[in-house]
Amino acid sequence: MLDTKDTAIADLKAIPQAWAIVEAEIPNIEGRIGNEIIKPHLGNFSFRSLLQFGVVKPDALDRIDQRLKALGER
């Protein structure tokens, strides 16, 4: 199941429906994760692992998880 804790950001980006959810919930996400320091590691990082750096907020991730869960139930 897709989620923001165990699914790598690169894996979410590879699924158009999932990435559309991320983009809807986190404004300017590409700008937040597109820098040269983070970009090479998107296959290793989940969104929850970025909480400590202030890149994303927990409430947005909670909403994303709910929407990803609904996506998987279709």
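In what follows, the structure referred to is the one given above.
Our subject in this report is the structure included herewith. (Residues numbered from 1 in each chain as written. Predicted model: local features only at pLDDT ≥ 70, side-chain atom pairs only at ≥ 80, totals over all residues. Heavy atoms only, no water.)

### Some thoughts on the overall build of the chain
We apply this condition: Strands here mean DSSP runs of E at least two residues long; helices mean DSSP runs of H or I at least four residues long; both are numbered from the N terminus. Atoms counted for the radius of gyration: C-alpha only. Globule rule: 2.2 Å times residue count to the power 0.38. Here's how the labels work: a residue is buried when its accessible area is under 20% of the maximum for its type, exposed when over 50%, partly exposed in between, all with a 1.4 Å probe on protein chains only. Note on contacts: a residue pair qualifies if any of its non-hydrogen atoms lie within 4.5 Å across the two residues.
The helix and strand inventory of the chain stands at four helices and zero strands. Counting helices and strands in the order they occur from the N terminus, the chain gives α-α-α-α. Here the C-alpha radius of gyration of the chain, 11 Å, is about what a compact globule of 74 residues would show, namely 11 Å. Summarising its shape, the C-alpha atoms of the chain cover approximately 35 × 25 × 20 Å along the three principal directions. Every one of the 74 residues in the chain was classed for burial, and the buried ones make up 35%. Restricting to contacts in the chain with at least 6 residues of sequence separation, those with at least 24 account for 57%.

### A short note on the side chain of Thr4
With respect to the element layout, Thr4 can be found in the segment before helix H1 (9-13). When residues no more than four places from it in sequence are discounted, the contact partners of Thr4 are Ser46, Phe47, Arg48, Leu61, Ile64 and Asp65.

### A closer look at the packing of aromatic side chains
The test is simple: The aromatic pairing rule takes the rings of Phe, Tyr and Trp, using the six-membered ring of Trp, and pairs them if the centres are within 6.5 Å, calling planes under 30 degrees apart stacked, those over 60 edge-to-face and the rest tilted.
For the structure shown, the criterion picks out one aromatic pair. Between Trp19 and Phe47, the ring centres sit 6.2 Å apart and the planes meet at 20°, which makes this aromatic pair stacked. Taken together, the residues span a long stretch of sequence, with Trp19 in helix H2 (residues 16-25) and Phe47 in the loop between helix H3 (29-33) and helix H4 (58-72) at a distance of 28 residues. The same class applies to Trp19 and to Phe47, which are both buried.

### Quick notes on the pattern of salt bridges
So the rule is basically this: For this document, the term salt bridge refers to a Lys or Arg side-chain nitrogen within 4 Å of an Asp or Glu carboxyl oxygen.
Applying the stated rule across the entire model yields seven salt bridges. Between Asp6 and Lys5 there is a salt bridge; the shortest N-O distance is 3.9 Å. Under the relative-accessibility criterion, Asp6 is labelled exposed at 58%. Accessibility expressed as a relative area gives 55% for Lys5, which makes it exposed.

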